[in-house]
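Chain residues, written in single-letter form:
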Amino acid sequence: TSDTLLSTEDEIIIMREKQGRCPKCGIQTFNVGPLIIMNGNASDAHEIKSTGGNSPLTNAYVLGGRCLLCRPMEEKMMIKHQEDMVHKSVEERQSSRQEDMVHK
């Protein structure tokens with residue numbers, strides 16, 4: 001039965017990855033394009049394929065498709081990412097204000 005259990009765990013990992021989830025904890029890490037079922041067999045993870053169009057997520061738990069719960073980053077890399085996000089946010093607000101002034 002250990003082969004069956006291992007097979008089941010492997011299937012879970014494969015399915016999570018195809019659904020754009022962390023293979024370890026299952027948190028969503030990517031927006032995934034539509035999935036297609038090959039040969040009409042949805043119960044077999046090997047028969048489900050992505051049509052592409054995957055885009056990495058970034059939020060409090062995920063950074064560019066990387067699950068920070070299961071794969072934490074070094075502190076200095078996190079600080080750099082936070083600084084980049086603040087800088088990007090400021091630039092977006094400034095750009096939005098400039099566009100608003102042009103349209104008035």
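Here is what the cut-offs are and how they apply
- Residues numbered from 1 in each chain as written.
- Predicted model: local features only at pLDDT ≥ 70, side-chain atom pairs only at ≥ 80, totals over all residues.
- Heavy atoms only, no water.
- Helix = DSSP H or I, 4+ residues; strand = E, 2+ residues; numbered from the N terminus.
- Buried < 20%, exposed > 50% of the residue type's maximum accessible area, 1.4 Å probe, protein only.
- Areas by Shrake-Rupley, 256 points an atom, 1.4 Å probe, with all protein chains shown as cover.
- Contact = heavy atoms within 4.5 Å.
- pLDDT = per-residue confidence, 0-100.
- Disulfide = S-S within 2.5 Å.

The subject of this paragraph is the overall build of the protein. Along the backbone of the protein there are 2 helices and 6 strands. Sorting the 104 residues of the protein into buried and exposed places 17% on the buried side. Carbon together with sulfur atoms contributes 54% to the accessible area of the protein, which is approximately 7900 Å² in total.

Position of Tyr-61 among the secondary structure elements: in the loop between β4 (55-56) and β5 (62-63). Take Tyr-61: its relative accessible area is 46%, and that puts it in the partly exposed class. In this structure, the C-alpha to C-alpha distance between Tyr-61 and Pro-72, residues 11 residues apart in sequence, is 9.5 Å.

Of note, Thr-29 is situated in the loop between α1 (2-18) and β1 (30-31). Other than its neighbours up to four places away in sequence, Thr-29 contacts Gly-20, Arg-21, Cys-22, Pro-56, Leu-57, Val-62, Gly-65 and Cys-67.

Time to look at the confidence of the model for the protein. Mean pLDDT over the protein stands at 79; residues scoring 70 or higher make up 78%. When mean pLDDT is compared element by element in the protein, strand β6 (residues 66-67) scores highest at 94, while strand β3 (residues 48-50) scores lowest at 65.

In this section: the state of the cysteines. Using the criterion set out here, one finds 0 disulfides in the structure. Between Cys-70, a cysteine without a disulfide, and Cys-22, which holds the nearest cysteine sulfur, the sulfur-to-sulfur distance is 3.7 Å.

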